[in-house]
Amino acid sequence: MSTQPTVVDLRSDTVTRPSAAMRQAMVSADVGDDVYGDDPTVNALEAEVAELLGYQAGLFTASGSLANQLALRLLVKPGEELVCDRIAHVVRAEMGAAATFSGITTRTWETQAGRLDPAAVAEVIAPNAGWHQVSTTAIAVENTHNFGGGTVQPLEAVRAVQELGRAHGLGLHLDGARLWNAHVASGVPLRELAAGFDTVSVCLSKGLGAPVGSVLVSSAERIAEARTWRKRYGGAMRQVGMLAAAGRYALQHNIERLAEDHERAARLAAALGQKPELTETNIVVLRVPDAPALRQAALEQGVVVSAIGPTLLRLVTHLDIDDEALDRAIEVLSPLVAG
Ligand SMILES: *Cc1c(COP(=O)(O)O)cnc(C)c1O
């Protein structure tokens, strides 16, 4: 899609461009060959994220999908089953990778706005299913929930699902692409949000504004195994400290400011007549009669949004949306949404 220079881009928080200071950190990074474990900036990033989330070790990956898929590969053997919610990123937006690369089958539980419901999880799991049925061996949780509209998972629900999983010997993965947003919105420490899983993935290239990268954290043993699989998939990179430097910069400067994105998303939602409780972080999901038509009409006036279904629009605030851009978005979208 072509975009004019004056465009206000609300499609995703992935569209941010690295700031001058972030670019400076990138060009001045110390680097080495990361396949030999020699890149000091990558090593520092991996250790920092592991420490922040309370795990032994970390692995830098080119994308969140790769981090998730390495985790799932470690937790679920071919022919076994992963369970997650019906609109989870791992099952909906990773192009069937779990099945394609790891021979993993999936079943899903129904969800409202992606909000975790332990009873729904309990109903769908089938641990040790015997000779005739597929056995569940892992559960995936997403926080915040992307297609659910930036939903922050209630901590009690997360703990209940972890207990359920542990009671049945199941692996537990957290897709924490936007765990930073959950932390800033809820005030719950990152370590608490990340605790109790086997594997956790986080993205540096969403709200944090880095151009590339995710980190998978887990035990040292699992991360060593994930490192082997990353190489096998062709995902091991060389002097990649230049990218890791952007991630380190983002961790230092761009976590707490996510509160601004949340405020702007709330303002946008209110201006478009959305109930305030539906916008918890930086994602506004709106139900409209014809999402593709509205998307097109907004685009013609320089405001880009996503149609994530025939009647669903997604609008995401981020580092490159300031108050002026938000005002412009409201000016264009209000009359369109009001119909
Ligand atoms: C963006 C995202 C990912 C990873 O996406 P990549 O584009 O592969 O980096 C994973 N999970 C969630 C919930 C996401 O929003």
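In this report, we go over the structure that sits alongside the text. (Residues numbered from 1 in each chain as written. Predicted model: local features only at pLDDT ≥ 70, side-chain atom pairs only at ≥ 80, totals over all residues. Heavy atoms only, no water.)

Comments concerning the nonpolar core
Point 1. Leu 53, Ile 139, Trp 180, Val 200 and Leu 204 are the most contacted members of the largest nonpolar core, which totals 50 residues.
Point 2. Val 8, Leu 286, Val 303 and Ile 321 belong to the second-largest nonpolar core, a separate cluster that totals 23 residues. (Core = buried A, V, L, I, M, F, W, Y, C linked by side-chain atoms within 4.5 Å. Buried < 20%, exposed > 50% of the residue type's maximum accessible area, 1.4 Å probe, protein only.)

A word on the packing of helix 8 (residues 179-186) against helix 12 (residues 258-271)
Point 1. It is the contact of helix 8 with helix 12, at a shortest axis distance of 9 Å, that shows an interaxial angle of 80 degrees. Relative to helix 12, helix 8 is oriented roughly perpendicular. Between helix 8, through Trp 180, Asn 181, Val 184 and Ala 185, and helix 12, the contact on the second element is made entirely by Leu 258, Ala 259 and His 262.
Point 2. Looking at the contact of helix 8 with helix 12 residue by residue, the class counts come to 5 nonpolar, 2 polar and no charged. (Axes fitted to C-alpha atoms, helices over the stretch in contact; angles between N-to-C directions. Helix = DSSP H or I, 4+ residues; strand = E, 2+ residues; numbered from the N terminus. Parallel < 35°, antiparallel > 145°, perpendicular 65-115°, else oblique. Contact = heavy atoms within 4.5 Å. Nonpolar A, V, L, I, M, F, W, Y, C, P; charged D, E, K, R; others polar.)

Observations regarding the pairing of strand 8 (residues 214-218)
Point 1. Across the 5 residues that make up strand 8, a large majority, 5, are buried.
Point 2. Neither face of strand 8 is open: one carries Ser 214, Leu 216 and Ser 218, the other Val 215 and Val 217, and all of them are buried.
Point 3. As paired strands, strand 2 (residues 57-61) and strand 8 are joined by 5 bridges and run antiparallel to one another. Looking at strand 8, one finds that Phe 60 is bridged to Val 215.
Point 4. Here strand 7 (residues 199-203) pairs with strand 8 via 4 bridges, running antiparallel. Note on strand 8: the bridge partner recorded for Cys 203 is Ser 214. (Pairing = 2+ DSSP bridges.)

Here's the deal with the site of the ligand
Point 1. For the ligand, the full set of nearby residues is Ser 63, Gly 64, Ser 65, Asn 68, His 89, Glu 94, Glu 142, Asn 146, Asp 175, Ala 177, Arg 178 and Lys 206.
Point 2. Within the side chain of His 89, a nitrogen or oxygen atom sits 3.5 Å from a nitrogen atom of the ligand.
Point 3. A distance of 2.9 Å separates an oxygen atom of the ligand from a polar side-chain atom of Arg 178.
Point 4. A total of 380 Å² of accessible area belongs to the ligand in isolation, and the protein chains cover 84% of it. (Near = heavy atom within 4 Å. Polar contact = N/O pair within 3.5 Å; in protein donor to acceptor, adjacent residues only side chain to side chain. Areas by Shrake-Rupley, 256 points an atom, 1.4 Å probe, with all protein chains shown as cover.)

Note that all results are geometric; they support no functional claim without further evidence.
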